[in-house]
Amino acid sequence: ALANVEKLKRYALILLIVGLVVGAVVIAWVSSRMIGPIRELHQGAEIIGSGNLDYRVNIKTGDEIEWLAQEFNKMAGELTVSYSTLEQRVKDKTAQLAEANSELEDANYSLVKANKAKDEFLGVMSHELRTPLNVVLGYSQMVKEGLFGQVNPEQERALQKVIMRSKELLSMISEILQVTSIEAGKLKVEIQEINLGELLDELKATYEIPLDKELTFNWDYPSEPWSMRTDGDKVKHILQNLINNAIKFTDEGRVAVSARYCTETEMAEFKVADTGTGIEDELLPSIFEMFRQLDSSVSRNHEGAGLGLYIVKKYTDVLGGKIDVESTVGKGSVFTVTLPLVTRNEASPFEAHDVA
């Protein structure tokens, strides 16, 4: 009995070993059938992901893994087409951008050339116009003073109008010259010690009441000498343009010019006030623009090229100051210019010279 049991045990052990071997072989075969395609699919995905879109995964298992490989191949094909199209689009856009840049450079060159020609034309014509105009102004003044014979009051009034209009035209030509220098970047700042009292005295002596206006001039500035280091010519131009503007837009009433200084802040303040037509609130932000006219119609009552306030703003900026304006329609305007008593060279974006 025991011998039979031992024989059965040996048979069972042999069957167990055979079963384990067969099972291991089956498991290994099944694993290779599943893991191999997956590894190949993973390797193909890495190759495609690295940028080699021409690579294709070749798996023939007849199951879902083969279907997944086909989807990978399909995706790689679509990416190839997309990249090819994108590269062509990039090339087309690059060519268009290069062409646009070339056209822009040509247009910019033409614009610079035209602007230079305009500045040269304005400069030359302004100089050429000043010479005969000065002759007209000089001879009119001599006739008015009786150097060529006695003139009657009516002739004197006519000559006064000729002189006044000639001065206005000469002022416009000077403004064009100044604007040409500003736009060409050739504006120079000559800093020197100036006596503000003497400058204002000279300015006051040059103004007289126009014959066709009922105006009074009020001048208010310290009588004692006071000085500042700045460009005196530009300060004078600023005040002249503001005073001329006030006279132009004031038919009757007064024009007041005042000046004061503050040693604590090292600033000088100039005010030019008038009782003229005034400026509407919506026009105030644009009055310092070039060629800006409060009334741009052909039938406007006030002459001018619209450059005076533009020059005032540029000169004030170049001297390191600021300008403010308050105005009421029908009551007049007040322009306030604040300048440092000592103008620094670095305050100016233009070329500056310190004149001894």
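Preceding this paragraph is the structure being described.
My aim in this report is to walk through the structure given alongside it, one point at a time. Keep in mind that what you see is a predicted model, and the values were worked out from it rather than measured.

Counting secondary structure elements, the protein chain contains 6 helices and 8 strands. Secondary structure of the protein chain in N-to-C order comes out as α-α-α-β-α-β-β-α-β-β-α-β-β-β. Per-residue burial over the protein chain gives 31% buried out of 356 residues. Residue pairs at least 24 apart in sequence account for 70% of intrachain contacts in the protein chain once pairs closer than 6 positions are excluded. On the protein chain, roughly 23000 Å² of surface is accessible, and the fraction owed to carbon and sulfur atoms is 56%.

Nonpolar side chains collect at one region of the surface, where L8, Y11, I14, V18, V22 and V26 lie side by side and expose about 580 Å² of accessible area between them. Within the secondary structure layout, V18 lies in helix α1 (residues 2-49). Exposure remark for V18: the relative accessible area of 46% places this residue in the partly exposed category.

Reading across the sheet, the 5 strands line up as β2-β4-β5-β7-β6 and stay open at both edges, with mixed pairing between neighbours. Unpaired on one side and paired on the other, β2 (214-220) and β6 (322-328) mark the two borders of the sheet. Here the average twist between neighbouring strands, direction ignored, is 10°. Relative to strand β5 (residues 267-274), strand β4 (residues 252-262) runs antiparallel, the two sharing 8 bridges. Its bridge partner lying in β5, S258 is registered against K271.

With respect to the helices and strands, the residue V255 is situated in strand β4. Residues contacting V255, with those up to four places away along its chain left out, are T216, F217, N218, A246, I247, A273 and D274.

Time to look at the pattern of salt bridges. The final tally for this structure, using the stated rule, is 5 salt bridges. Between D231 and K234 there is a salt bridge, with its nearest N and O atoms 3.2 Å apart. Each member of the pair, D231 together with K234, is buried. Note that E269 and R260 form a salt bridge whose closest N and O atoms lie 3.0 Å from each other. For R260, a relative accessible area of 46% translates into the label partly exposed.

This structure, assessed with the given rule, holds 4 aromatic pairs. With a centroid separation of 4.7 Å and 20° between ring planes, the pair formed by W226 and Y261 is classed as stacked. Of this pair, W226 sits in the loop between β2 and β3 (227-230) while Y261 sits in strand β4; the two residues are 35 residues apart in sequence, bridging distant segments of the chain. Take W226: its relative accessible area is 5%, and that puts it in the buried class. Linked through ring pairs, Y207, F217 and W219 together constitute an aromatic cluster. Positioned over the ring face of Y315 is K234, at 5.4 Å from the centre of the ring.

So, how was this worked out
Residues numbered from 1 in each chain as written. Predicted model: local features only at pLDDT ≥ 70, side-chain atom pairs only at ≥ 80, totals over all residues. Heavy atoms only, no water. Helix = DSSP H or I, 4+ residues; strand = E, 2+ residues; numbered from the N terminus. Buried < 20%, exposed > 50% of the residue type's maximum accessible area, 1.4 Å probe, protein only. Contact = heavy atoms within 4.5 Å. Areas by Shrake-Rupley, 256 points an atom, 1.4 Å probe, with all protein chains shown as cover. Patch = residues over 30% accessible without salt bridge, like charges linked within 9 Å, V, L, I, M, F, W, Y side chains within 5 Å. Salt bridge = Lys/Arg side-chain N within 4 Å of Asp/Glu carboxyl O. Pairing = 2+ DSSP bridges. Axes fitted to C-alpha atoms, helices over the stretch in contact; angles between N-to-C directions. Phe/Tyr/Trp six-rings, centres within 6.5 Å; stacked < 30°, edge-to-face > 60°. Lys NZ or Arg CZ within 6 Å of the ring centre and 35° of its normal.

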